[in-house]
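# A closer look at the structure
Here's the letter readout for the chains.
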Amino acid sequence: MTTVRIPAGWPATEEQARAVQDELRARVVLDEPGPAPGTGYVTGVDVAYDDERDVVAAAAVVLDAASLDVVAEATAVGRVSFPYVPGLLAFREIPTVLAALNSLSRPPGLVVCDGYGLAHPRRFGLASHLGVLTGLPVIGVAKNPFTFTYDEPGTRRGSSSPLLAGEEEVGRALRTRDGVKPVFVSVGHRVALDNACAHVLALTPAYRLPETTRRADSLCRRALQEATSQEATSQEAASREAASREAASPGAASLGATTRHSPTAR
């Protein structure tokens, strides 16, 4: 598990974060088809938080795209790097997600985020942000439509309908299981929308959510539990050590002697 520090110069205000989005958004590549489904590797990334302890854990899990077997995985843990602000969640997640990706033992191939790409108020969600920073093909697969509208797709697996911001298509509502609520697919970087949907169907042979997301979600939750348990143990040990030092200090002994023999104490 990699431990991550908040990068120097990381945005600290909403204004700074939006300025970064405006600068990087122009670098998003939308005219590449992306890798073919079922070929190479595909990697899921996800994060889990303990806001009370100010800890975030990220996981990256690489699957063989043909068999969906896990071939590599990595985790990273750090401090939460930005407040919770809708539309700016990437700034809470990017440092630890990048650290997890960089710790993998093999190239990630296509990256699948539990979130949004172009389906974002500023057209620059986590999937786009991560793609621009890494140069990797990235797609977003979300559990809900965020602020966008859509018509219910057909009930059969593979049915889809446009995810719309007014008249602009920013993604697709895609049915991955017969009669089950759709997922919401959007392009992040270097992948076409039709191809992104084909990848999601290839990654959902048995469940609504992609195997990449399911595996990464499970791993980041375990990493968070391990990290917070270790932190709690360290804090308890530090408290016991401090109490032991205080009890053994000459000042404490002198104070105890004074208290025992003082007229007031009697």
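Residues numbered from 1 in each chain as written. Predicted model: local features only at pLDDT ≥ 70, side-chain atom pairs only at ≥ 80, totals over all residues. Heavy atoms only, no water.

### Concerning the overall build of the chain
To keep things clear, this is the line we draw: For helices the rule is a DSSP run of H or I covering at least 4 residues; for strands it is a run of E covering at least 2, with both sets numbered from the N terminus onward. Whether two residues are in contact is decided by their heavy atoms, any of which lying within 4.5 Å being enough. The method behind every accessible area is Shrake-Rupley, applied with a 1.4 Å probe, and residues are considered shielded solely by the protein chains displayed.
Scanning the chain from N- to C-terminus turns up six helices and nine strands. Put simply, of all contacts in the chain between residues at least 6 apart along the chain, 65% involve residues at least 24 apart. Of the accessible surface of the chain, which amounts to about 13100 Å², a share of 51% is contributed by carbon and sulfur atoms.

### Some points on the environment of Pro145
When you line up the elements, Pro145 lands in the loop between strand 6 (138–142) and strand 7 (160–165). Expressed as a C-alpha distance, the spacing of Pro145 and Ala173, which sit 28 residues apart in the sequence, is 7.9 Å. Filtering out sequence-adjacent residues up to four positions away, Pro145 remains in contact with Tyr116, Tyr150, Leu163 and Phe184.

### Considering the side chain of Thr43
Just so we agree on the cut-off: Only protein chains enter the accessibility calculation, which uses a 1.4 Å probe. A residue is then buried if its area is under 20% of the maximum for its type, exposed if over 50%, and partly exposed in between. Two N or O atoms form a polar contact when they lie within 3.5 Å of each other; inside protein one atom must be a possible hydrogen donor and the other a possible acceptor, and for residues adjacent in sequence the pair counts only when both atoms belong to side chains.
Take Thr43: it is sitting in strand 2 (residues 41–50). Owing to a relative accessible area of 0%, Thr43 belongs among the buried residues under this scheme. Polar contacts involving the side chain of Thr43 include one to the main-chain carbonyl oxygen of Pro108, which spans 2.8 Å. Contact partners of Thr43, with chain neighbours within four places excluded, come to Ala60, Val61, Val62, Leu101, Leu104, Pro108, Leu110, Val111, Val112 and Thr212.

### Here we look at the pattern of salt bridges
Here is the rule: Here a salt bridge means any side-chain nitrogen of Lys or Arg lying within 4 Å of a carboxyl oxygen belonging to Asp or Glu.
Scanning the entire structure with this criterion turns up 16 salt bridges. The closest approach of N and O atoms between Lys143 and Asp114, which form a salt bridge, is 2.8 Å. Of this pair, Lys143 sits in the loop between strand 6 and strand 7 while Asp114 sits in the loop between strand 5 (110–113) and helix 3 (126–134), and the two are 29 residues apart along the sequence. Among the residues examined, Asp114 registers a relative accessible area of 23% and is labelled partly exposed. Asp178 is paired through a salt bridge with Arg156; the nearest N and O atoms lie 3.4 Å apart.

### Some details on the pairing of strand 3 (residues 55–64)
Put simply, the rule reads: DSSP bridges decide pairing: two strands pair if at least two such bridges lie between them.
Within strand 3, nine of the ten residues are buried, which leaves it mostly tucked inside the rest of the structure. Two elements, strand 2 and strand 3, share ten bridges in a ladder whose sense is antiparallel. Residue pairing in the sheet places Asp50 in a bridge with Val55 of strand 3. Taken together, strand 2 and the strand that follows it, strand 3, pair antiparallel across an intervening segment of four residues, in which Asp54 is found at a positive phi of about 60°. Between strand 3 and strand 4 (residues 70–79), which pair antiparallel and follow one another directly, the connecting turn spans five residues, one of which, Leu68, has a positive phi of 65°.

### Here we look at the packing of aromatic side chains
Just so we agree on the cut-off: In this scheme Phe, Tyr and Trp rings, the latter by its six-membered ring, pair at centre separations within 6.5 Å, and the angle between planes marks the pair as stacked below 30 degrees, edge-to-face above 60, and tilted otherwise. Here, over-ring charges are defined by two tests on the NZ atom of lysine or the CZ atom of arginine: distance to the ring centre within 6 Å, and angle to the ring normal within 35 degrees.
Applying the stated criterion to the full structure yields five aromatic pairs. Between Phe82 and Phe91, the aromatic rings sit 5.7 Å apart at their centres with planes inclined by 45°, giving tilted as the arrangement. Residue classification places Phe91 among the buried positions, given a relative accessible area of 0%. In textbook terms, an aromatic cluster arises when at least three aromatic residues are bridged by ring pairs, as seen for Trp10, Phe82 and Phe91. Above the face of the Tyr49 ring, Arg92 is positioned so that its terminal group lies 4.4 Å from the ring centre. Residue placement shows Arg214 over the ring face of Tyr207; its charged tip is 3.7 Å from the ring centre.

### As for the sheet that holds strand 8 (residues 168–174)
Where strands meet in a sheet, backbone hydrogen bonds hold them as pairs that are either parallel or antiparallel. Going by this rule: Angular values range over 0 to 180 degrees, each being the angle between N-to-C directions of two axes fitted as lines to C-alpha atoms, with helices fitted over their stretch in contact.
Read across the sheet, nine strands follow the order 1-4-3-2-5-6-9-8-7 without closing on themselves; strand pairing throughout is mixed. Where the open sheet ends on each side, the last strands, each with one partner, are strand 1 (2–4) and strand 7. Direction aside, the axes of adjacent strands within the sheet are offset by 30° on average. Two strands pair when backbone bridges link them, and strand 6 and strand 9 (residues 183–189) are joined in this way by five bridges, in the antiparallel orientation. Residue pairing across strands places Val138 opposite His189, the latter belonging to strand 9. Of the strands in this sheet, strand 5, strand 6, strand 8 and strand 9 are in contact with helix 4 (residues 193–202), which crosses strand 8 at around 15°.

### Describing the packing of helix 2 (residues 90–102) against helix 3
Relative placement of two packed helices is described by the angle separating their axes and the distance separating the axes. Cut-off, in case you're wondering: The labels follow the angle: roughly parallel below 35 degrees, roughly antiparallel above 145, roughly perpendicular from 65 to 115, and oblique for the rest. Whether a crossing is left-handed or right-handed is set by the direction in which the near helix is turned from the far one by less than a right angle, anticlockwise for left-handed and clockwise for right-handed.
Interhelical geometry of helix 2 versus helix 3 gives an angle of 45° and a closest axis separation of 11 Å. As the angle between them shows, helix 2 and helix 3 are arranged oblique. Considering the relative orientation of helix 2 and helix 3, their crossing is right-handed. Residues Ala90, Phe91, Glu93, Ile94, Val97, Leu98 and Leu101 of helix 2 form the contact with helix 3, whose own contacting residues are Leu126, His129, Leu130, Leu133 and Thr134.

Everything listed here is a matter of coordinates, which is why it stays silent on function.
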